Every structure is written in structure tokens, then in C-alpha cells.
Amino acid sequence: MQQAYEKYFRQDRLPHIWCPGCGNGVVLGAFARAMAELNIDQNQTVVISGIGCSSRATTYLDFNTLHTTHGRALAFATGVKLSEPRLNVFVFMGDGDSSAIGGNHLIHACRRNIDITAVIINNNIYGMTGGQYSPLTPTGKKATTAPYGMIERNFDLCELVKGAGATYVARGTTYHAKQLTDLIVAGAKHKGFSLIEAVSQCPVSYGRRNKMKNALEMVNWAKEHAVNQKAAEKMTPAELEGKFLIGELHQSAAPEYTAEYDKLIAKLQGGIA
Ligand SMILES: Cc1ncc(C[n+]2csc(CCOP(=O)(O)OP(=O)(O)O)c2C)c(N)n1
Ligand code: SF4
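If you're wondering where the values come from, they're calculated on a predicted model, not measured in any experiment.

K.L.:
What is the right way to look at the nonpolar core in this model?
P.N.:
Side chains of nonpolar character tend, in soluble globular proteins, to be buried together. Core analysis: the biggest nonpolar cluster contains 31 residues, and L28, F31, M35, L61, F63, F92 and I184 have the highest contact counts within it. The set of elements that each furnish at least two residues to this core consists of α1 (2–8), α2 (24–38), α3 (57–60), β3 (88–94), β4 (117–122), β5 (168–173), α8 (177–189) and β6 (194–199). With seven residues, the top contributor of residues to this core is α2. In this structure, L28 is in contact with F9, W18, A57, Y60, L61 and F92, ignoring residues within four places of it in sequence. Grouped together as the second largest cluster of nonpolar side chains are 26 residues, A77, M93, I116 and A118 included.

Printed below as a string of C-alpha cells:
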């Protein structure tokens, strides 16, 4: 990890701004290890984020980075990938950033199957702005905007993107950090839109409000409630009650957007000549 830390983080931008116990650093650590495992060329790699605590990732990561606007990371990423399809394009988003204001960009990136790897850090809340609920805040949980408990049903992010056409869908947690690295590696290798949901903890804006006193309690919650997808196949619905699945949840093949775009250009140019 020491090598990945020195190679993939901008040392001059550290220390980071995150609260003690925040899960963002664990996800970034998993990402850096994934980049090391892929032996990725930093100059051929672009990392893009929106706005939020999680989106500060692009400040610290030493790649070509774009720290964009709230909810629009995938729109910028689509532009970058279309302009130069050979680049490796990664996106970091928060749960609010990706599934509320950026929800439309998300479903259409999935539908297009554009070759981008998105890591969504799901801490169940708008962390940066002090704890408003997001579409991923579980029903019944408290937020500044739901002081008596959330009455809406939350999205299952992985099911949402699968339904929208993503061709690689996985979920990990900050407890299962090694697995998270492996999922990011597999997502990066996959040709098409890959989404990795990283279940994470915001002890400050979510935990304290929802009877989880500290980061350790939150990480232990993930440990106790996550079930590997393969193990889940052998479990009964009653045994799975209240649990969530981790691992590779979906993989399929479909035409990739920039490849289709290039084919169209070649066809039209062939027609003109
Ligand atoms: C267009 C716009 N609307 C609202 C905001 C205010 N804002 C900044 S971050 C944020 C929410 C961040 O929550 P999330 O995306 O879940 O990321 P986290 O901070 O939890 O990592 C909001 C609403 C903004 N910056 N721009
Ligand atoms: S507010 Fe929450 S998400 Fe933001 S840095 Fe603090 S712990 Fe992390």
C-alpha cells in the first residue's frame, strides 16, 4: 500500500479534509491498490468527480482529474471518453450526487453502455451539506430533512443501474476493502459501463443521527449485514431478510457506445469517399 499511496496520491494536497472515521479514505485506498494492480498509465487515465465529500477524491488522486459540478460528473466523463476513447475514464460520485441530481446522467450512461468505470460511495446521506436524505437513505432512517424518519422507499442502486443497462454491476463495502479493490479491477477491465457501489460510512451526518455512535459500529454493521452474492444463492429468503448483497451482481455483453460511434463515423466517411 505504501507504494500505491506514494504513486497515486498528490502528496502536496494532503492531509485530506475528511472527518475522522469517514469511509472515503478506505474507498480511495482500494482504488489506489486497484490502479497498482492494473499497472495503469496515469497519463492515459482521467478521474472525474462531482461535488460532495466523496467527490473530493479528485483533489487527492494523482491522475488527470476533473472536479466538476454536483450531479454532472458523468456528463463530463462522457465528453472526455467520446473525445478520446483510448483514455481510461473513472468517475467518483456520492449517493446524492449520482442518484438524485445526477440520476438522469446515471441511467443514460448505463443505457449507452459507455466504457466508463464509476465508483459510487454510498454513505446513505448528503454528507457535505450536513445530512439531508438522498434517494439511497433507507426507509425509516433519520436525516435533517427527515427528522422523524424517511417515509420514501430507497433505491437499490445496483438494481437500478442493472435495469438501466449497465453491463458490470458490483457492490463492496469499506469493511471488505480487499474485495472492493478486486471489484474495481474487474470493473476497469470490463468493456462497457461498470458501476461499483461502495457501501461506506459517514459517522458525522448519518451515524450519529441513526444510533450508530462511531465509525467502528458502522463498519461492523456492514460486516454483519453484507452477504456475498454466491453465499446468498444457498440462503432462504428468511435468512436474507435485512441483509444486502456484495460481490459481482451482474455482468453482460452489449455494444459499447464509443465503439459504435467510431463505426458510424467510419461508415459515413466510407460513404463520402
Ligand atoms: C447544483 C448544486 N446543488 C446543490 C449543491 C449543494 N451540495 C453540495 S454537495 C451536496 C450533496 C453531497 O452529497 P453526496 O452526493 O451524497 O456526497 P457526500 O458529501 O455524502 O460524499 C449538495 C446538495 C451544489 N453544490 N450544487
Ligand atoms: S461529513 Fe461524512 S462524508 Fe463528509 S467527510 Fe465527514 S464523515 Fe465523511
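K.L.:
Would you mind going over the pattern of salt bridges with me for this structure?
P.N.:
Where charged atoms from two side chains of opposite charge come close, those side chains can pair. This model, assessed by the stated rule, comprises nine salt bridges. Taking the shortest distance from any N to any O, the salt bridge between K81 and D115 comes out at 3.6 Å. In this pair, K81 is assigned in helix α4 (residues 73–83) and D115 in the loop between α6 (103–112) and β4, connecting sequence segments 34 residues apart. We note that K81, like D115, is buried. A network of salt bridges, in which partner residues are shared, links K81, D115 and K191.

K.L.:
Can you help me understand the sheet that holds β4 in this one?
P.N.:
Note on sheets: strands pair through backbone hydrogen bonds, and any given pair is parallel or antiparallel. Spatially, eight strands are ordered β2-β1-β3-β4-β6-β5-β8-β7 in an open sheet, and the strand pairing comes out mixed. Since the sheet does not close on itself, it has two edges, and those belong to β2 (64–67) and β7 (226–228), each with one partner. Averaged over all pairs of adjacent strands, the angle between their axes in this sheet comes to 20 degrees, without regard to strand direction. Where α4 meets the sheet, it contacts β1 (45–49), β2 and β3, and its direction lies at approximately 175 degrees from that of β3. The strands that helix α7 (residues 157–164) touches are β4, β5, β6 and β8 (244–251); relative to β5, the one it contacts most, it runs at about 170 degrees.

K.L.:
Sorry if this is basic, but what is going on with the site of ligand 2 here?
P.N.:
In the neighbourhood of ligand 2, the contacting residues comprise W18, C19, C22, C53, N123, G127, C202, P203 and S205. Split by residue class, the shell around ligand 2 holds six nonpolar, three polar and no charged.

K.L.:
In this structure, what is going on with the packing of aromatic side chains? I would like to understand it.
P.N.:
Two descriptors summarise a pair of aromatic rings, namely the distance from one centre to the other and the angle between the planes of the rings. Going through the model one piece at a time under the given rule, you end up with eight aromatic pairs. With a centroid separation of 5.8 Å and 40 degrees between ring planes, the pair formed by Y5 and F9 is classed as tilted. Arranged with centres 5.0 Å apart and planes meeting at 75 degrees, the rings of F31 and F92 form a pair that is edge-to-face. Highlighted residues: F31 in helix α2 and F92 in strand β3, separated in sequence by 61 residues. Considered together, F31 and F92 belong to a single accessibility category, that of buried residues. Every member of this aromatic cluster is reached through a ring pair, and the members are Y8, F31, F63, F90 and F92. Positioned above the aromatic ring of Y257 is the side chain of R112, whose terminal nitrogen or guanidinium carbon lies 5.9 Å from the ring centre.

K.L.:
I would appreciate a short explanation of the site of ligand 1 in the present structure.
P.N.:
With respect to spatial proximity, 16 residues lie near ligand 1, and among them C53, S54, G96, D97 and G127 are the closest. Within the backbone of C53, a nitrogen or oxygen atom sits 2.8 Å from an oxygen atom of ligand 1. One nitrogen or oxygen atom from the main chain of G96 is found 2.9 Å from an oxygen atom belonging to ligand 1. Its free accessible area being 590 Å², ligand 1 has 73% of it covered by the protein chains. At four residues, the largest contribution of residues to the shell around ligand 1 is made by helix α5 (residues 95–101). Tallied by class, residues from the shell around ligand 1 come to six nonpolar, eight polar and two charged.

What counts, and at which threshold
- Residues numbered from 1 in each chain as written.
- Chains lettered and ligands numbered in written order.
- Predicted model: local features only at pLDDT ≥ 70, side-chain atom pairs only at ≥ 80, totals over all residues.
- Heavy atoms only, no water.
- Core = buried A, V, L, I, M, F, W, Y, C linked by side-chain atoms within 4.5 Å.
- Buried < 20%, exposed > 50% of the residue type's maximum accessible area, 1.4 Å probe, protein only.
- Helix = DSSP H or I, 4+ residues; strand = E, 2+ residues; numbered from the N terminus.
- Contact = heavy atoms within 4.5 Å.
- Salt bridge = Lys/Arg side-chain N within 4 Å of Asp/Glu carboxyl O.
- Pairing = 2+ DSSP bridges.
- Axes fitted to C-alpha atoms, helices over the stretch in contact; angles between N-to-C directions.
- Near = heavy atom within 4 Å.
- Nonpolar A, V, L, I, M, F, W, Y, C, P; charged D, E, K, R; others polar.
- Phe/Tyr/Trp six-rings, centres within 6.5 Å; stacked < 30°, edge-to-face > 60°.
- Lys NZ or Arg CZ within 6 Å of the ring centre and 35° of its normal.
- Polar contact = N/O pair within 3.5 Å; in protein donor to acceptor, adjacent residues only side chain to side chain.
- Areas by Shrake-Rupley, 256 points an atom, 1.4 Å probe, with all protein chains shown as cover.

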